[in-house]
Amino acid sequence: MSKPIIATASLAGCFGCHMSILDIDDRILQLIELVEFNKSPIDDIKTFTKQCDIGIIEGGCCNSENVEVLKEFRKHCKILISLGECAIMGGLPAMRNGIPVKECLEEAYLNGPTVGLNAEKVMPNDAELPMILDKVYPLHEIVKIDYYLPGCPPRADLIWAAVVALVTGDELNIPYELVKFD
Amino acid sequence: MSEIVKFTIDGKECQGKKGQLIVDAAADNGVYIPVLCHMRDLIPAGSCRICTTKVNGRYMAACTTPVDEGTVVENDTPELLDIRKAIVEMLFVEGNHFCPSCEKSGNCDLQALGYKYQMMAPRFPYAFERRELEASTPKIFLEKNRCIFCKRCVRVIKDDQGRSVFAFKGRGKTLQINIDKKLAANLSDEMAKKAMDICPVGAILRKEVGFVEPIGTKKYDHKPIGSDLKNIYQ
């Protein structure tokens, strides 16, 4: 039987959750025995080359590119996991959610104390840039998500336990200390 | 006055004083019923409903319902656990609860209930309402994003003439917690600490003493809420 295939991505996140994946330390050697990676920053494959079994996504959706990548993941992965607080509830980027986008952009590019280098007071307007959304959305408000791993970041042991349980089909027993929202 | 009555919680024989509130009587008998707004010896608010139990077959808030002879309380049933989980989820989506950036994380009762009921993600859509931070008083930050309207601070934190330092303003969707700036200016360190301690979330934070407790030493870091029945109401 071929190995299960994993894909990962970071949307509106800080890559801290991916760092936490690396925090499984030497178990990464067991991981590559257990699974194969496809599209992921871990092996630097940029686009899906085949259907995957597990998609792990960090970060919420703050722009149109995030939504596109998320929908690609849903199409290509049998199981989708929200990894970390940003994926589950928007996280720190979602702190802008009560504030209108116009106000945020004006603060960032026109009025804020650090806009000194932007002497011409230009807002980023290149056609190549993805459109920013009205607010940062949790992943499950855009596509169906199968599992959630909370934490900021989720503890490495939690990620390890969840992935191993999914791949082997064993029962998942998580100690109280491993599931935290911070 | 203090007539002893017998009642049951999930079939367990318990004893309490007639008229005693079910949450308090349960705690005296070693049974945990979750609370957010309730504090012992305080006039009940009954505002959070997390203590919803079935009393003689009907859904009741255990913090406002007294025990009587033969009262039958259901507490730990799958149905009630799901109702409580839904209440925790609703509180999470109603306010702006960013646990990673909150000083109270680890000491927060709401978060601890999220852990207890294994809330992985709320089943309801997030409201993300814009609320303000009131930082103009000398001792306290009032972070309205995190308030769950338990009314503990309104009921407990008073000045020497019995005037409440905190108060509600508005109704329904516009309800917010407010602080009286004049009274807050004279708040002692002791009262400021008490205000922060009784707040079940991170809405009231003390100034100048932030993040004193390291992660790993906080109240709910190793043991779930309800493990220590003597100290469940702070």
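Reading the values: rules and limits
- Residues numbered from 1 in each chain as written.
- Chains lettered and ligands numbered in written order.
- Predicted model: local features only at pLDDT ≥ 70, side-chain atom pairs only at ≥ 80, totals over all residues.
- Heavy atoms only, no water.
- Helix = DSSP H or I, 4+ residues; strand = E, 2+ residues; numbered from the N terminus.
- Rg over C-alpha atoms; globule rule 2.2 N^0.38 Å.
- Buried < 20%, exposed > 50% of the residue type's maximum accessible area, 1.4 Å probe, protein only.
- Contact = heavy atoms within 4.5 Å.
- Areas by Shrake-Rupley, 256 points an atom, 1.4 Å probe, with all protein chains shown as cover.
- Polar contact = N/O pair within 3.5 Å; in protein donor to acceptor, adjacent residues only side chain to side chain.
- Domains from an automatic or database assignment.
- Buried area = accessible area lost by both parts, 1.4 Å probe.
- Nonpolar A, V, L, I, M, F, W, Y, C, P; charged D, E, K, R; others polar.
- Core = buried A, V, L, I, M, F, W, Y, C linked by side-chain atoms within 4.5 Å.
- Pairing = 2+ DSSP bridges.
- Axes fitted to C-alpha atoms, helices over the stretch in contact; angles between N-to-C directions.
- Salt bridge = Lys/Arg side-chain N within 4 Å of Asp/Glu carboxyl O.

A. Seen up close, the overall build of chain B. Of regular secondary structure, chain B possesses six helices and ten strands. Expected size for 234 residues packed as a compact globule is a radius of gyration near 17 Å; at 18 Å, chain B falls within 12% of this value. Burial analysis of chain B (234 residues in total) assigns 53% to the buried set. Taking the intrachain contacts of chain B between residues at least 6 apart in sequence as the baseline, contacts between residues at least 24 apart amount to 64%. For chain B, the computed accessible surface area is about 11,400 Å², with 52% contributed by carbon and sulfur atoms.

B. Broad picture of the side chain of T65 of chain B. If you trace the backbone, T65 of chain B turns up in the loop between β4 (58-61) and β5 (72-74). Polar side-chain contacts of T65 of chain B include one of 2.7 Å to the backbone oxygen of A61 of chain B.

C. Region of interest: the side chain of K54 of chain B. In this fold, K54 of chain B is placed in strand β3 (residues 52-55). In this structure K54 of chain B touches Y59, V72, V73, E74, E79 and L80 of chain B, once residues within four positions along its chain are discounted.

D. A look at the environment of K173 of chain B. Residue and element names in this part refer to chain B. Structurally, K173 is set in the loop between β8 (166-169) and β9 (176-179). When its relative accessible area of 69% is taken as the criterion, K173 is described as exposed. It is 9.9 Å that separates the C-alpha atoms of K173 and E94, two residues lying 79 residues apart in sequence. Engagement of the side chain of K173 in a polar contact is seen with the side chain of E129, the distance being 3.4 Å.

E. Summary view of the domain arrangement of chain B. Residue and element names in this part refer to chain B. In terms of domains, chain B is made up of domain 1 (4-76) and domain 2 (99-222). A separation of 26 Å is found between the C-alpha centroids of domain 1 and domain 2. Listed per partner, the contact involves 13 residues of domain 1 and 13 residues of domain 2. Overall, the association of domain 1 and domain 2 removes approximately 990 Å² of surface from exposure, summing both partners, and the carbon and sulfur fraction of that is 67%. When the area that domain 1 buries against domain 2 is broken down by residue, the three leading residues are L36, M39 and L42, summing to 51%. Taken together, the links from domain 1 to domain 2 amount to five residue pairs in polar contact (both at pLDDT 80 or more). The residue inventory of the side of domain 1 that touches domain 2, partitioned by class, reads eleven nonpolar, two polar and no charged.

F. Focus on the environment of F211 of chain B. Residues and elements named next belong to chain B. Its place among the elements puts F211 in the segment after β10 (204-206). Residue classification places F211 among the exposed residues on the basis of a relative accessible area of 58%. Linking F211 and P78, residues 133 residues apart in sequence, is a C-alpha distance of 37 Å.

G. Focus on the nonpolar core. Of all hydrophobic cores here, the largest spans 65 residues; its most connected members are L110, I157 and F166 of chain B. Residue-level mapping places this core at the junction of two domains, with at least three residues from each of domain 1 (4-76) and domain 2 (99-222) of chain B. Look past the residues within four positions of L110 of chain B in its chain and what remains in contact with it is L36, V88, L91, F92, H97, I148, P200 and V201 of chain B. Grouped together as the second largest cluster of nonpolar side chains are 31 residues, I5, I57, V67 and A94 of chain A included.

H. Expanded view of the sheet that holds β10 of chain B. Residues and elements named next belong to chain B. Read from one edge to the other, the open sheet built from three strands follows the order β6-β7-β10, with strand pairing classed as antiparallel. Every interior strand has two partners, whereas the edge strands, β6 (133-134) and β10, have only one. With respect to the sheet, helix α6 (residues 189-198) is in contact with β7 (140-143) and β10, its orientation differing from that of β10 by roughly 140 degrees.

I. Looking closely at the pattern of salt bridges. One pass over the full model with this rule turns up 20 salt bridges over all chains. A salt bridge links R27 of chain A to D157 of chain A, with the shortest nitrogen-to-oxygen separation between them at 2.8 Å. Here the residue R27 of chain A occupies a position in helix α2 (residues 27-34), and D157 of chain A occupies one in helix α6 (residues 156-168), the gap between them amounting to 130 residues. We note a salt bridge from K18 of chain B to D68 of chain B, for which the minimum N-O separation is 3.1 Å. With K18 of chain B in the loop between β2 (12-17) and α1 (22-28) and D68 of chain B in the loop between β4 and β5, the pair connects residues that are 50 residues apart, well separated along the chain. You can call K18 of chain B partly exposed: its relative accessible area is 40%. Overlapping salt bridges bring together R74, K144 and D146 of chain A as one network.

J. Quick look at the interface of chain B and chain A. Contact residues are listed per partner, giving 24 residues for chain B and 26 residues for chain A. For the pair chain B and chain A, the summed buried area comes to about 2,200 Å², and 66% of that belongs to carbon and sulfur atoms. When residues of chain B are sorted by the area they lose upon contact with chain A, Y115, M120 and F128 of chain B head the list and together hold 30% of the total. Linking chain B to chain A there are one salt bridge.

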